[in-house]
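# Survey of secondary and tertiary structure
Below, each chain spelled out in residue letters.
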Amino acid sequence: MVVFSGQRQDFGVGALGLMAVHAVAETPREVAKALAASWGAKVEEIFDGCMMVKTGSVELLIWSPPAYQDEYKAVEVMAPQELPAVVGATIAIERARPLQALLRANNVPFALTEGDRVLVAPEQTGGLMIEFLPQN
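One structure accompanies this document, and this report is about it.

Definitions and cut-offs
- Residues numbered from 1 in each chain as written.
- Predicted model: local features only at pLDDT ≥ 70, side-chain atom pairs only at ≥ 80, totals over all residues.
- Heavy atoms only, no water.
- Phe/Tyr/Trp six-rings, centres within 6.5 Å; stacked < 30°, edge-to-face > 60°.
- Buried < 20%, exposed > 50% of the residue type's maximum accessible area, 1.4 Å probe, protein only.
- Helix = DSSP H or I, 4+ residues; strand = E, 2+ residues; numbered from the N terminus.
- Expected span 1.5 Å × (residues − 1).
- Arc of directions from axis to C-beta.
- Contact = heavy atoms within 4.5 Å.
- Pairing = 2+ DSSP bridges.
- Axes fitted to C-alpha atoms, helices over the stretch in contact; angles between N-to-C directions.
- Salt bridge = Lys/Arg side-chain N within 4 Å of Asp/Glu carboxyl O.

### Observations concerning the packing of aromatic side chains
- Tallied over the full model, the rule gives 3 aromatic pairs.
- Ring plane angle 80 degrees and centroid distance 5.7 Å describe the contact between Trp63 and Tyr72, whose orientation is recorded as edge-to-face.
- Tyr72 gets classed as buried once you look at its relative accessible area, which sits at 2%.
- Between the aromatic rings of Tyr68 and Tyr72, the centroid separation amounts to 5.8 Å while the plane-to-plane angle is 55 degrees, which identifies the pairing as tilted. Each of the two residues, Tyr68 as well as Tyr72, counts as buried.
- Every member of this aromatic cluster is reached through a ring pair, and the members are Phe47, Trp63, Tyr68 and Tyr72.

Below is the structure:
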């Protein structure tokens with residue numbers, strides 16, 4: 001549901017929930033292990049330069065600066081100077097097309113990547129990269 005000028009409109013975007021929070025650290029493995037020990041969480045290496053810490057349904061993905069910039073190059077993200085830092089979030093959505101139409105209607109630039117993922121750059125969202133992941 002989106003509100004424009006006091007009118008509610010349902011565009012069928014269907015945000016289903018928060019899937020992941022993204023962070024960048026110089027040493028993702030060490031940060032992940034420390035958080036896992038503190039939180040009693042599980043740690044998994046997704047691939048070189050990306051660790052996942054999971055305590056429940058939301059994952060914390062901890063990236064090295066080069067891995068983060070490579071994975072999200074479609075929106076030309078840059079790792080922050082001060083690390084560690086939270087840099088984005090992944091939101092599950094029903095379908096990508098209604099979201100794309102909503103973003104276009106509001107002149108919000110975005111990029112499409114494999115799997116119909118929709119990426120919105122930090123400059124468009126107040127500082128965090130947003131990844132929308134269709135669940136269809």
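### Some details on helix α1 (residues 28–39)
- End to end, α1 covers 16 Å across 12 residues, agreeing with the expected 16 Å (1.5 Å per residue, within 8%).
- When α1 is considered as a whole, its buried residues turn out to be Pro28, Ala32 and Ala36. Axial view of α1: buried residues confined to an arc of 60 degrees, hence all on one face. Facing away from the buried side of α1, by more than 90 degrees, are the exposed residues Lys33, Ala37 and Ser38.
- In this fold, the buried residues of α1 make contact with β4 (42–47), β5 (50–54) and β6 (59–63).

### Some thoughts on the sheet that holds strand β3 (residues 15–24)
- The sheet built from 8 strands is open, its strands ordered β4-β5-β6-β3-β7-β10-β9-β8 with mixed pairing. Strands at the two margins of the open sheet, each flanked by one partner only, are β4 and β8 (111–113). Strand after strand, the sheet turns through a mean of 25 degrees between neighbouring axes, direction not considered.
- By the bridge criterion, 8 bridges tie β3 to strand β7 (residues 85–93) in an arrangement that is antiparallel.

### Details of the side chain of Gln100
- Along the chain, Gln100 falls in helix α3 (residues 96–105).
- According to the relative accessible area criterion, Gln100 is buried, its value standing at 6%.
- Leave out the neighbours within four places in its chain, and Gln100 touches Phe110, Leu112 and Val118.

### What about the pattern of salt bridges?
- This structure, assessed with the given rule, holds 6 salt bridges.
- Of the charged contacts, one joins Lys73 and Asp70 as a salt bridge, the two residues approaching to 3.4 Å between their closest N and O atoms.
- According to the relative accessible area criterion, Lys73 is exposed, its value standing at 56%.
- A salt bridge links Arg117 to Glu71; its shortest N-O distance comes to 3.4 Å. Here Glu71 lies in helix α2 (residues 65–71) and Arg117 lies in strand β9 (residues 117–120), a separation of 46 residues in the sequence.
- One salt-bridge network, held together by shared partners, links Glu71, Glu114, Arg117 and Glu131.

These figures come from the coordinates and say nothing about function on their own.
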